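If you want the building blocks of each chain, they are given just below.
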Amino acid sequence: MLSDKGDGKLLKWQKNHDMRAEIECIYGDEFPGMMFMDGLDSAIIGVALVNSNPLVTYSTEKILDNLVDRGMGFDEAREFMMFNILGAYMGEFTPLVIDDLF
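The structure contained in this document is the topic of the report that follows. (Residues numbered from 1 in each chain as written. Predicted model: local features only at pLDDT ≥ 70, side-chain atom pairs only at ≥ 80, totals over all residues. Heavy atoms only, no water.)

**Concerning the layout of surface pockets**
Phase 1: By volume, the second largest pocket amounts to about 220 Å³.
Phase 2: Contributing to the lining of the second largest pocket are 15 residues, with Met37, Leu40, Asn84, Ile85 and Met90 lying nearest its centre.
Phase 3: Sort the elements by how many residues they give to the lining of the second largest pocket and helix α4 (residues 74-85) lands first, with three residues.
Phase 4: A per-class count over the lining of the second largest pocket returns 11 nonpolar, two polar and two charged. (1 Å grid on protein atoms, 1.4 Å probe; cavity = no way out; pocket = protein on both sides within 12 Å on 5 of 7 lines; lining within 4 Å. Points joined across faces, edges and corners; volume = space filled by probe spheres on them. Helix = DSSP H or I, 4+ residues; strand = E, 2+ residues; numbered from the N terminus. Nonpolar A, V, L, I, M, F, W, Y, C, P; charged D, E, K, R; others polar.)

As structure tokens, then:
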């Protein structure tokens, strides 16, 4: 477990760390069916275990930021996310999206 000793190294490590690669490294061999959302690696916040399956977990706020950065307006991005991301079911390894907008 990493800890921040007040020198900011942990924060710098977190900002520069490729979470998708880390998740693939840790879980990929045992769970080759894990799914990632295309183009949304910057919105990954971790992994949740559901029924003993690790599910890649995304932040609603970060997904919206990503879509807006791609040129969508906020309302368009929200609608896109609601229908195309939150409404998608791709099997037992469908990623989770955590509502962190409140």
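**Comments concerning the packing of aromatic side chains**
Two descriptors summarise a pair of aromatic rings, namely the distance from one centre to the other and the angle between the planes of the rings.
Phase 1: This model, assessed by the stated rule, comprises one aromatic pair.
Phase 2: Seen from their ring centres, Phe31 and Phe93 are 6.3 Å apart, and the 65 degrees between their planes marks the pair as edge-to-face. Of this pair, Phe31 sits in the loop between α2 (19-27) and β1 (44-50) while Phe93 sits in the loop between α4 and β3 (96-98), placing them 62 residues apart in sequence. In this pair, the class of Phe31 matches that of Phe93, namely buried.
Phase 3: Between the NZ or CZ atom of Arg20 and the centre of the ring of Phe36, over which it lies, the distance is 4.2 Å. (Phe/Tyr/Trp six-rings, centres within 6.5 Å; stacked < 30°, edge-to-face > 60°. Buried < 20%, exposed > 50% of the residue type's maximum accessible area, 1.4 Å probe, protein only. Lys NZ or Arg CZ within 6 Å of the ring centre and 35° of its normal.)

**A word on the pattern of salt bridges**
Phase 1: As enumerated under the stated definition, the model contains two salt bridges in all.
Phase 2: The salt bridge partner of Arg20 is Glu24, with a shortest N-O separation of 3.2 Å. With Arg20 and Glu24 both in helix α2, this residue pair falls four residues apart, about one helical turn.
Phase 3: Since its relative accessible area comes to 24%, Arg20 is described here as partly exposed.
Phase 4: Judged by its relative accessible area of 38%, Glu24 falls in the partly exposed class. (Salt bridge = Lys/Arg side-chain N within 4 Å of Asp/Glu carboxyl O.)

**As for unusual backbone geometry**
Phi is mostly negative for residues that are not glycine, and the peptide bonds are mostly trans.
Phase 1: Positive phi outside glycine occurs at Asn51, with the angle close to 50 degrees.
Phase 2: Mapped onto the elements of the fold, Asn51 is located in the loop between β1 and β2 (53-59).
Phase 3: Judged by its relative accessible area of 72%, Asn51 falls in the exposed class.
Phase 4: Not every positive phi belongs to a glycine, and Ser52 is a case in point at roughly 70 degrees.
Phase 5: With respect to the element layout, Ser52 can be found in the loop between β1 and β2.
Phase 6: Note on Ser52: relative accessible area 62%, which makes it exposed.

**Some details on the sheet that holds β3**
Phase 1: Taken in spatial order, the three strands of this open sheet run β1-β2-β3, and their pairing is mixed. At either margin of the open sheet sits one strand with a lone partner, and together these are β1 and β3. Ignoring strand direction, the axes of neighbouring strands in this sheet form an average angle of 35 degrees.
Phase 2: This element, α2, spans β1 and β2 of the sheet and lies at about 25 degrees to β1.
Phase 3: The strands that helix α3 (residues 60-69) touches are β1, β2 and β3; relative to β2, the one it contacts most, it runs at about 55 degrees. (Pairing = 2+ DSSP bridges. Axes fitted to C-alpha atoms, helices over the stretch in contact; angles between N-to-C directions. Contact = heavy atoms within 4.5 Å.)

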